[in-house]
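If you want the building blocks of each chain, they are given just below.
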Amino acid sequence: MKFHVFTFGCQMNAADSGWLTRSLENMGWEKAPADQAKAFIVNTCSVREKPEQKLYSELGRIAEHLEREPGLFCAVGGCVAQQVGAKLWNRFPFVRLVFGTDGVAQAPQAMARIAREPRLRVSLLDFSDSYIERDAALPGPLDSPRAFVNIMQGCDNFCTYCIVPYVRGRQKSRASEAVLAECRSLAERGVKDVTLLGQNVNSYGRDKGGDGTSFPQLLRAVAAVDGIERVRFTTSHPKDIAPEVVAAFGELENICPTLHLPVQSGSDDVLRRMGRNYTVEKYLGIVDALRRARPDISLTTDFIVGFPGETEEDFKATLELIPRAGFEGSFSFIYSDRPGVAAAKMEPKIPAEIKSWRLDELQALQNARQQSILQGLVSSVAPVLVEGPGKRRDSDAPAWRGRDAHGRTVNFLAPASPDLFGRIVNVRVTEAKKHSLWGEILP
Ligand code: SAH
Ligand code: SF4
Ligand code: F3S
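1. With respect to the overall build of the protein
Logical step 1: The helix and strand inventory of the protein stands at 13 helices and 19 strands.
Logical step 2: For 443 residues, the compact-globule formula gives about 22 Å, and the C-alpha radius of gyration of the protein, at 23 Å, lands near that figure.
Logical step 3: In the protein, which comprises 443 residues, the share counted as buried stands at 54%.
Logical step 4: Approximately 19500 Å² of the protein is accessible, and the part contributed by carbon and sulfur atoms is 52%.

Right, dumping it as structure tokens:
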């Protein structure tokens, strides 16, 4: 059976789609372009209205394939599936499986049954009380020396704007032994760079599913796995980051000097109404401690602009935070009402054009900051983990692409080099592009 997967949303969705693909391949199914597929998976995100809409436009496009393939069927997974559920198949009869996060493990079997039984529809939307282990789907050939490892599911924070706790369920930590076993097996296959994944990794272990291991302990154990040369983790909530985690940046060489620490706003008043449980001062205190532990740390963040009631002054305070915290990069989003969350009832809503001006202003400031940081790296030398062939540009010399320890993309020329895939090589930075670096391999 030929299948095609569409993935929207965060790295957790990307990781789920990777597992689903490998599982279907293990059943003998074959990955194919959309115009040849007979089965589709759409793995959805509902964090803002725009990604939610993408599901409906994708289903519209899939419907066009019905002419070619009247028997085709589609599975809808992820956060919109959890939110909208079986209602989807009233509107789209070819949707025959809906599955939420806790249904991922059973989805491949359900798809196999649906393929055999033409009238069958399956819904896998129940939340489970504990983290559901999945079969270690046999990996194919190693396609990247970097890998993502889930350490938990769900979130208990209920930030007032956020739908994630409703669609991903309560926090459930994965057993530390299972996390470590996965890291060891990845390392044996040649993976060198591991990112531990969860909506709120710093509260790992603090739920019923926890096995007594805290996040700082887990981090140390993963960093000690033979062959894992780089460890990262995401996402961190500022209110939960423990002093031991901050200290680890200074103590463990293979904890990468980079942290994504979503701040959302630079105004205490907005932060309070977002239910974030920290102030700007507390946040900047964490930033200072991180820089003391690891002076070269690269910090990135998330911002929401136009939260209900955000004044011009609140927004100015957010702008001021970029230089104060020294963010190297950020994702910024226009506030979007989500069904059922507390902020949906908060007033006044900010008009769309003001929200988009604010977004433009914030992004312009952030881009300028990122440029100056990247420019400052020209002529420095960075160890780069090579992920694959790079852009050739004007030269014919072989080019490669990889990342430095901070997570920056580096393209570089490597004349007369053997296959560098998966190796860490020293690259001299020669040029800063908009969001990436160019360089030359050192002999
Ligand atoms: N668990 C992570 C990320 C959650 S979603 C965390 O706590 O940081 C990723 C980002 O989407 C959030 O950090 C936030 O900036 C943004 N986001 C979430 N809900 C949103 C909404 N309703 N409107 C706009 N942006 C939102
Ligand atoms: Fe959403 Fe807040 Fe949980 Fe992040 S911590 S997923 S923003 S509720
Ligand atoms: Fe989106 Fe769900 Fe991730 S809402 S951001 S795919 S947790």
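Having seen the model, we can carry on.
2. Section: the sheet that holds strand 11 (residues 230-234)
Sheet strands associate in pairs through backbone hydrogen bonding, adopting either a parallel or an antiparallel arrangement.
Logical step 1: Strand order in this open sheet of three strands is 7-10-11, and the pairing throughout is parallel. The strands lining the two open edges of the sheet, one partner per strand, are strand 7 (146-150) and strand 11. Direction aside, neighbouring strands of the sheet carry axes that sit 25° apart on average.
Logical step 2: As paired strands, strand 10 (residues 193-197) and strand 11 are joined by five bridges and run parallel to one another. If you follow T195 over to strand 11, its bridge partner there is R232.

3. So, the nonpolar core
Logical step 1: Counting residues in each nonpolar core, the largest one holds 65 residues, and the members touching the most others are L196 and F233.
Logical step 2: The element best represented in this core is helix 11 (residues 280-293), accounting for six residues.
Logical step 3: Once you skip the residues sitting within four places of it in the chain, L196 turns out to touch V149, I151, V179, V201, F215, L218, L219, V222, R232, F233 and T234.
Logical step 4: Formed by 24 residues, the second largest nonpolar core is a distinct cluster that contains V76, F92, V95 and L125.

4. Comments concerning the site of ligand 1
Logical step 1: Lining the immediate surroundings of ligand 1 are 14 residues, of which Y161, Q199, Q264, D302 and S336 lie closest.
Logical step 2: One nitrogen or oxygen atom from the side chain of R48 is found 3.0 Å from an oxygen atom belonging to ligand 1.
Logical step 3: Within the backbone of Y161, an N or O atom sits 3.0 Å from a nitrogen atom of ligand 1.
Logical step 4: Out of a free accessible area of 540 Å², ligand 1 has 89% covered by protein chains.
Logical step 5: Those elements that place two or more of their residues in the shell around ligand 1 are strand 13 (298-305) and strand 14 (329-334).
Logical step 6: Partitioning the shell around ligand 1 into residue classes produces seven nonpolar, four polar and three charged.

5. What to know about the pattern of salt bridges
Logical step 1: Under the counting rule described, the total for this entry stands at 28 salt bridges.
Logical step 2: Its salt-bridge partner being R68, residue E69 comes within 3.9 Å of it at the nearest N-O pair.
Logical step 3: Among the ionic pairs, D240 bridges to R206, the shortest N-O distance being 3.6 Å. On the criterion of sequence distance, the pair formed by D240 in the loop between strand 11 and helix 9 (243-251) and R206 in the loop between strand 10 and helix 8 (215-223) is long-range, its members being 34 residues apart.
Logical step 4: In the salt-bridge network here, residues are joined through shared partners; they are R146, E387, R401 and R403.

6. Brief notes about the packing of helix 8 against helix 9
Logical step 1: At their nearest, the axes of helix 8 and helix 9 sit 9 Å apart, and the two run at 25° to each other. The orientation of helix 8 with respect to helix 9, classified from their angle, is roughly parallel. Judged by the twist between their axes, the crossing of helix 8 over helix 9 is right-handed. Between helix 8, through F215, P216, L219 and R220, and helix 9, the contact on the second element is made entirely by E244, V245, A248 and E251.
Logical step 2: Across the contact of helix 8 with helix 9, the residue classes break down as five nonpolar, no polar and three charged.

7. A few points about helix 7 (residues 176-188)
Logical step 1: For helix 7, spanning 13 residues, the distance from its first C-alpha to its last is 18 Å, which sits close to the expected 18 Å at 1.5 Å a residue.
Logical step 2: Inspection of helix 7 places S176, A178, V179, L180, C183, L186 and A187 among the buried residues, and these make up the whole buried set.
Logical step 3: Among the structural elements, strand 7, strand 10 and helix 8 are those in contact with the buried residues of helix 7.
Logical step 4: One or two residues past the end of helix 7 sits G190, with phi positive at roughly 110°.

8. Details of the site of ligand 2
Logical step 1: The environment of ligand 2 is made up of C155, N157, F158, C159, Y161, C162, V164, P165, Q199, H237 and R276.
Logical step 2: Of the residues in the shell around ligand 2, the class split is seven nonpolar, three polar and one charged.

9. Points about the domain arrangement of the protein
Logical step 1: As assigned here, the protein comprises domain 1 (2-124), domain 2 (140-256) and domain 3 (381-441).
Logical step 2: If you average the C-alpha positions of domain 1 and of domain 2, the two centres end up 27 Å apart.
Logical step 3: Domain 1 puts 14 residues into the contact, and the matching count from domain 2 is 15 residues.
Logical step 4: Here domain 1 and domain 2 share an interface that buries about 1200 Å² over both sides, 58% of which is from carbon and sulfur atoms.

Rules used throughout
Residues numbered from 1 in each chain as written. Chains lettered and ligands numbered in written order. Predicted model: local features only at pLDDT ≥ 70, side-chain atom pairs only at ≥ 80, totals over all residues. Heavy atoms only, no water. Helix = DSSP H or I, 4+ residues; strand = E, 2+ residues; numbered from the N terminus. Rg over C-alpha atoms; globule rule 2.2 N^0.38 Å. Buried < 20%, exposed > 50% of the residue type's maximum accessible area, 1.4 Å probe, protein only. Areas by Shrake-Rupley, 256 points an atom, 1.4 Å probe, with all protein chains shown as cover. Pairing = 2+ DSSP bridges. Axes fitted to C-alpha atoms, helices over the stretch in contact; angles between N-to-C directions. Core = buried A, V, L, I, M, F, W, Y, C linked by side-chain atoms within 4.5 Å. Contact = heavy atoms within 4.5 Å. Near = heavy atom within 4 Å. Polar contact = N/O pair within 3.5 Å; in protein donor to acceptor, adjacent residues only side chain to side chain. Nonpolar A, V, L, I, M, F, W, Y, C, P; charged D, E, K, R; others polar. Salt bridge = Lys/Arg side-chain N within 4 Å of Asp/Glu carboxyl O. Parallel < 35°, antiparallel > 145°, perpendicular 65-115°, else oblique. Left-handed = near helix turned anticlockwise from the far one by under 90°. Expected span 1.5 Å × (residues − 1). Domains from an automatic or database assignment. Buried area = accessible area lost by both parts, 1.4 Å probe.

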